[in-house]
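Commentary on secondary and tertiary structure
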Amino acid sequence: MASGILPHSPQFNVQSFNFKFPRKNRTVLARISNEQQPSSSNGSPPSSSSSSSSSSSNQKNSFPDVVVIGSGIGGLCCGSLLARYKQDVIVLESHDVPGGAAHSFDIKGYKFDSGPSLFSGFQSRGPQANPLAQVLDALGESVPCAAYDSWMVYVPEGEFLSRIGPTEFLKDLEKHVSLDAVKEWRKLLDAVLPISGAAMALPPLSIRGDLGVLSTAAARYAPSLLKSFIEMGPQGALGATKLLRPFSEIVDSLELKNPFVRNWIDLLCFLLAGVKSDSALSAEMVYMFAEWYKPGCTLEYPLHGSGAIIDALVRGLEKFGGRISLGSHVEQIVVENGRAVGVKLRSGQFIRAKKAVVSNASMWDTLNLLPKEAIPKSYQERIEKTAQCESFMHLHLGFDAEGIPEDLGIHHIVVNEWDRGVDADQNVVLISVPSVLSKDLAPPGKHVLHAYTPGTEPFTLWEGLDRKSTEYKTLKAERSEVLWKAVERALGPGFSREKCEVKLIGTPLTHKRFLRRNRGTYGPAIQAGKDSFPGHSTPIPQLLCCGDSTFPGIGVPAVAASGAIVANSLVSVSQHSQLLDAIGI
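Notes on the structure in this doc start here.

Basis of the calculations
- Residues numbered from 1 in each chain as written.
- Predicted model: local features only at pLDDT ≥ 70, side-chain atom pairs only at ≥ 80, totals over all residues.
- Heavy atoms only, no water.
- Pairing = 2+ DSSP bridges.
- Helix = DSSP H or I, 4+ residues; strand = E, 2+ residues; numbered from the N terminus.
- Axes fitted to C-alpha atoms, helices over the stretch in contact; angles between N-to-C directions.
- Left-handed = near helix turned anticlockwise from the far one by under 90°.
- Contact = heavy atoms within 4.5 Å.
- Core = buried A, V, L, I, M, F, W, Y, C linked by side-chain atoms within 4.5 Å.
- Buried < 20%, exposed > 50% of the residue type's maximum accessible area, 1.4 Å probe, protein only.
- Phe/Tyr/Trp six-rings, centres within 6.5 Å; stacked < 30°, edge-to-face > 60°.
- Salt bridge = Lys/Arg side-chain N within 4 Å of Asp/Glu carboxyl O.

1. Some details on the sheet that holds strand β14 (residues 394-400)
Two modes of strand pairing occur in sheets, parallel and antiparallel, and in both the strands are linked by backbone hydrogen bonds. Reading across the sheet, the 7 strands line up as β7-β6-β15-β16-β17-β14-β18 and stay open at both edges, with mixed pairing between neighbours. Only two strands of the sheet have a single partner each, and these edge strands are β7 (158-163) and β18 (502-506). Taken pair by pair, the neighbouring strands of this sheet meet at an average axis angle of 15°, ignoring direction. The pairing of strand β15 (residues 411-415) with strand β16 (residues 428-432) spans 5 bridges and is antiparallel. Within the sheet, the bridge partner assigned to V414 lies in β16 and is V429.

Dropping the structure here:
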């Protein structure tokens, strides 16, 4: 869904530069915000107060079936589908606004995206649609978008407008790189696109975490999967066997040697999955190639910002009777007799779950929520040994559009040096100016801009610093300079940093503090072929996980799929099948 990297950015108080989530007035069902203690020894929760509808309707069930920790896209997809399945579900969010890393926030009339920047497939439908589009379809919700087909690229070879589609990028390569690069890129597309049918033949929404998957996925889609193998022929079928291997194996088998082509592939892999081609899963990359290089493809930006996606998921959740409770900070997952039975909030309140607790937090943060005596040693060791992607530097700006080119594009990618690698710190900068497509994101005649280093900022540089110290402020100014220079390059001489009305800088400590991301990380650095993303169950019965620490991995399509898989796993096969029938997949 969002093929660009998904950063985790906070909200800011522009006056003091202390980071803070602004309060928003929104309908919240069964807000769990009082300071009562558990009312009985058996863990019964105290009565919940409501900020919208009558208390009788909000308290229709003293114990929800499922408690979901975190309202990121994975958690909201899980919770909203469970509500669609007629489960009593409550989503608990620590902050004042839902959305986790994908929320939007307002400063002085500017509405900023904090997370995803490259999207596609919102309007797709059917078995091969993106997972988030399938979830929205199941909820009867939609997200209006503006379509576009290119972004500006600034690389050592020069700068050019890069276009998606089967032929446009070939023209860009011929003009700005070489005919050799054209030949190799065509060779890659000829090999990859035929096997995309296999990568897309099994809709993520059909998957569940038990043997029922044989009915909802294997048997249901066996004919289409077989057909895709027949259509791709023996050579394509052989290539499809590599879908669970690193994408570099496909690239190497084609003997692609052009430096720009190899570097560009690494860049796409890194932006999508947080790792280069030697670690990125082939299935994920093949899916992306099918999305971006098929006839008639476009990129899409959600009108009103990425927060519009969150609003649609929350509407779907509440439409089917689900509840979301903001300002509800989960302090601990409660385990009784070896089973997860609910959660304890920072306020001291206990919410018991009848069926399951689902954590949308990272694997490391989920581990920290568990009582130490309840954690199996092997489970703890695996999590502690899992490598992490690095964190981010962010720049959010609000400025006057005067002097800025009228044909300014929404997205810009700056690569300073190929030799250092796309995963090197301070080397790649992504810039998004969404107000060029969605005018309501900024006051009249103004622009909003979000620039960031894509998961390459080392946490070790920031570890232990006092956010109020001179050392921290100095480091923040130094490490953000690469962002400023990239913005000045992309926007041209008409841009002046001194004239920005809003200037906000985020660091890895910001991520750690506000989004409860362990070490401010982007997520697990799982290497395809050497390891795999964990499934959704845990050694603790009734505790499941979704989000970027679980299969299928990092990125908006992946986390949406993970949330759907967990929701499917908590209902019967017949309910699951009925949902698939209802949305035509």
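Moving on from the coordinates now.
2. Focus: the pairing of strand β4 (residues 110-113)
The side chains of a regular strand alternate between both faces of the sheet. Sheet topology places strand β3 (residues 104-107) next to β4; 4 bridges connect them, and they run antiparallel. Directly across from F105, in β4, lies its bridge partner F112. Once β3 ends, the chain turns through 2 residues before running back antiparallel as β4, passing K108 with a positive phi of about 50°.

3. Describing the packing of helix α2 (residues 73-84) against helix α3 (residues 131-139)
It is the contact of α2 with α3, at a shortest axis distance of 10 Å, that shows an interaxial angle of 35°. Classified by chirality, the crossing of α3 by α2 is left-handed. Touching C77, S80, L81 and R84 of α2 are L132, V135, A138 and L139, all from α3.

4. A word on the nonpolar core
With 100 residues, the main nonpolar core has W185, F247, W264, F289 and I431 as its most contacted residues. Sort the elements by how many residues they give to this core and helix α9 (residues 259-273) lands first, with 11 residues. Not counting chain neighbours up to four residues away, the residues in contact with I431 comprise I410, H411, H412, V414, L449, H450, A451, A486, V487 and A490. If you look at the next biggest cluster of nonpolar residues, it comprises 48 residues, including C78, L317, V358 and I583.

5. Observations concerning the packing of aromatic side chains
A full pass over the atoms with the stated rule returns 14 aromatic pairs. Measuring from centroid to centroid gives 5.3 Å for F399 and F495, while their planes differ by 80°, and the two rings are edge-to-face. With a gap of 96 residues between them, F399 in strand β14 and F495 in the loop between α14 (470-491) and β18 connect regions that are remote in the sequence. Each member of the pair, F399 together with F495, is buried. Cluster of aromatic residues (ring-pair linked, three or more members): F160, F169, W185, F247, F260, W264, F289 and W418.

6. With respect to the pattern of salt bridges
Taken as a whole, this structure holds 23 salt bridges when the rule is applied. The partner of K446 in a salt bridge is E501, and the shortest N-O contact between them spans 2.7 Å. In this pair, K446 sits in strand β17 (residues 446-452) while E501 sits in the loop between α14 and β18, placing the two residues 55 residues apart along the sequence. In this structure, a network of salt bridges that share partners links the residues R420, D425, E457 and R479.

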